[in-house]
Amino acid sequence: MAADSQTRAPAAARGGPPPPTVITWIALAFMTTSSVASLRAAPTMAVYGLAAVFLYVVPAIVFLLPTSLVSAELASGWSGGVYRWVAEGISKPAGFLAVWCQFAMTLFYYPSLLAYVASTFAYVVNPALASNGLYTAIVIVVLYWTGVWVSSQGTKAVAGLSSMGLVIGTLIPGALLVLLGMVFLGQGNASAAPMDAEHLLPAWTGIASLVLIVNNFLSYAGMEMNAVHVSSLKEPSREFPRSMFLAIGLVLAIFILPALAISWVIPADALSLTAGVMQAFDAFFAHFSIQWLTPIVGLMLIAASLGGMLTWLAGPSRGLLVVAREEGYLPPFLQRLNVHGVQQNILVTQGFLTTVIALLYAFIPEVSSAYWIFSVMTTQVYLIMYLLLFVAAVKLRRRAPDHPRGYRVPALTLVCTVGFVASLAALFIGFVPPAQFSSGNGLVYVAIVGGGLLLIGLVAPFAFYASRKPSWRTATVDTTAGEAT
């Protein structure tokens, strides 16, 4: 170790480039776990009881694994993220569509995330508010605009909050939930959901009985962002697959075990898709006469969610900004930076759209139905990006087989085919109303989901692309200093 530091010291003294950052495959696995795993989706699968295991494992095999491996190859060969990968593999317009979908999914993601925060906070102040649409809408609007203000200041404080989120808001509450559940069953109490072998697979009552699996695709989404670290491994070809399999195991444990614990105490027909986590904690704490812990756990979950929101708030919009300024895909108004170097106009415009979506929570009678609709919209828009990603990966392997890559996916065409078919199937299944959609009007559901997908995912980017002008190409962004050059 001493010899190694002595070897690198002269280079640093001469002002040469610093040695490349090296991370272990275990560290990468933990990074991936912290950015993907969350307790927010647990109530969604808890309604299936033991079948939640099946409904989590299948998407992991056909979606999580392909996206992880394919993104690793692309990240190790081409810098610039999703836009560059799809632009090189297919075309620049397709690249813009991909990065737009990565950004546009947040229009639906933040309302659904903040609806979860609102229902969780309700258990701290007044549980009856968890099903109140007006209350949920107000919380979404207030918290989102507060997040926009914080992000526009260029603050670095949110980084620490986000890094602690995995432990404070996921691992500790998740472990506590599972531990209480095991003690609950160990005392001889009956599980609210059957835990026998006959219920390993979801009961077939038509295609609607499997619709909730679509939400699991979004639970695993985001692996393309973590893949950029593949070049920081010492031996990417060996260590990255090892890292991904460890991360998949950790993510599955965080997703599956709390979902099962919730199903042990809350019957499926009484479970709220937004407040299910707190419902389970409240039931456990009441059983063990420690209900004073309910607000503490609620605040832990809220802190983690808000930290994640602040971290993601400016990320996708920053990627869209860089592409827009290089290629002229957005008007100058949306490309302007504030004094802190933050794309405030994009955030504010996004905020107005988010406010409109939030208000729908006040008009859709059942908050769980609204939550599910916006979760599906998020998935639908994001899946377009993944479809383009798989196509681009195959084309790049054929067009540039000798292009340097730090990692190559074995049987790439097969892996991409599996991921593409799974993504396409999820896209179509998303139009089928789930059993939890209370209005009973399937046409309304399809119109809302399809309209959101068409307008936000396709019409909007096409309109920007069709309206582009050479004068919209501005200077590139210095992302380190946060200033335009």
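Procedures and definitions
- Residues numbered from 1 in each chain as written.
- Predicted model: local features only at pLDDT ≥ 70, side-chain atom pairs only at ≥ 80, totals over all residues.
- Heavy atoms only, no water.
- Helix = DSSP H or I, 4+ residues; strand = E, 2+ residues; numbered from the N terminus.
- Buried < 20%, exposed > 50% of the residue type's maximum accessible area, 1.4 Å probe, protein only.
- Contact = heavy atoms within 4.5 Å.
- Areas by Shrake-Rupley, 256 points an atom, 1.4 Å probe, with all protein chains shown as cover.
- Patch = residues over 30% accessible without salt bridge, like charges linked within 9 Å, V, L, I, M, F, W, Y side chains within 5 Å.
- Salt bridge = Lys/Arg side-chain N within 4 Å of Asp/Glu carboxyl O.
- Polar contact = N/O pair within 3.5 Å; in protein donor to acceptor, adjacent residues only side chain to side chain.
- Axes fitted to C-alpha atoms, helices over the stretch in contact; angles between N-to-C directions.
- Left-handed = near helix turned anticlockwise from the far one by under 90°.
- Nonpolar A, V, L, I, M, F, W, Y, C, P; charged D, E, K, R; others polar.
- Phe/Tyr/Trp six-rings, centres within 6.5 Å; stacked < 30°, edge-to-face > 60°.
- Expected span 1.5 Å × (residues − 1).
- Arc of directions from axis to C-beta.

## Focus: the overall build of the chain
Argument step 1. Counting its regular elements, the chain contains 19 helices and 2 strands.
Argument step 2. By residue count, 52% of the 485 residues in the chain fall in the buried class.
Argument step 3. The contacts in the chain between residues at least 6 apart in sequence include a share of 81% that link residues at least 24 apart.
Argument step 4. Summing over all exposed atoms, the chain offers an accessible surface of approximately 20400 Å²; the carbon and sulfur share of this is 68%.

## Looking at a nonpolar patch on the surface
Argument step 1. A surface patch of nonpolar side chains, amounting to about 340 Å² of accessible area, comprises Leu 454, Leu 455, Leu 458 and Val 459.
Argument step 2. Position of Leu 454 relative to the elements: it lies in helix H19 (residues 442-466).

## Some remarks on the side chain of Thr 355
Argument step 1. Tracing the backbone shows Thr 355 in helix H16 (residues 344-363).
Argument step 2. A distance of 2.9 Å separates the side chain of Thr 355 from the side chain of Trp 145, its partner in a polar contact.
Argument step 3. Setting aside residues up to four positions removed in sequence, Thr 355 forms contacts with Val 141 and Trp 145.

## A word on the pattern of salt bridges
Argument step 1. Enumeration over the complete set of coordinates arrives at 5 salt bridges.
Argument step 2. A salt bridge links Glu 73 to Arg 405, with the nearest nitrogen and oxygen atoms 3.0 Å apart. Taken as a pair, Glu 73 in helix H4 (residues 52-77) and Arg 405 in the loop between helix H17 (367-399) and helix H18 (412-429) lie far apart in primary sequence, 332 residues in all.
Argument step 3. A salt bridge links Glu 327 to Arg 473; the nearest nitrogen and oxygen atoms lie 3.8 Å apart. Taken together, the residues span a long stretch of sequence, with Glu 327 in helix H14 (residues 315-327) and Arg 473 in the loop between H19 and strand S1 (477-478) at a distance of 146 residues.
Argument step 4. Residue classification places Glu 327 among the buried residues on the basis of a relative accessible area of 11%.

## Concerning the packing of helix H6 (residues 92-125) against helix H7 (residues 133-152)
Argument step 1. Between H6 and H7, the shortest axis-to-axis distance is 9 Å and the interhelical angle comes to 115°. Once H6 is placed against H7, the crossing between them reads as right-handed. Contact residues: H6 offers Tyr 110, Pro 111, Leu 114, Ala 115, Val 117, Ala 118, Phe 121 and Ala 122, while H7 offers Tyr 135, Thr 136, Val 139, Ile 140, Leu 143 and Tyr 144.
Argument step 2. Taken together, the residues of the contact of H6 with H7 break down into 13 nonpolar, 1 polar and no charged.

## Section: the side chain of Ser 243
Argument step 1. Tracing the sequence through the fold places Ser 243 in helix H11 (residues 236-265).
Argument step 2. A relative accessible area of 0% places Ser 243 in the buried class.

## Some words on the packing of aromatic side chains
Argument step 1. What the rule picks out here adds up to 14 aromatic pairs.
Argument step 2. Between Tyr 382 and Tyr 386, the aromatic rings sit 5.1 Å apart at their centres with planes inclined by 50°, giving tilted as the arrangement. Within this pair, Tyr 382 and its partner Tyr 386 are both found in helix H17, separated by 4 residues, close to a single helical turn.
Argument step 3. With a relative accessible area of 1%, Tyr 386 lands in the buried category.
Argument step 4. Grouping aromatic residues by their ring pairs yields a cluster made of Phe 96, Trp 100, Phe 103, Tyr 329, Phe 464 and Tyr 465.

## Details of the environment of Val 57
Argument step 1. Residue placement: Val 57 occurs in helix H4.
Argument step 2. Placed 159 residues apart in sequence, Val 57 and Asn 216 show a C-alpha to C-alpha distance of 9.6 Å.
Argument step 3. In this structure Val 57 touches Leu 252 and Ile 256, once residues within four positions along its chain are discounted.

## Observations regarding H18
Argument step 1. Taking 1.5 Å of rise per residue, the 18 residues of H18 would be expected to cover 26 Å, and the 26 Å separating its terminal C-alpha atoms lies within 8% of that figure.
Argument step 2. For H18, the full list of buried residues reads Leu 412, Val 415, Cys 416, Gly 419, Ala 422, Ser 423, Ala 426 and Leu 427. Buried residues along H18 cover an arc of 140° about the axis, so they all sit on one side. The exposed residues of H18 that point more than 90 degrees off its buried face are Leu 414 and Phe 428.

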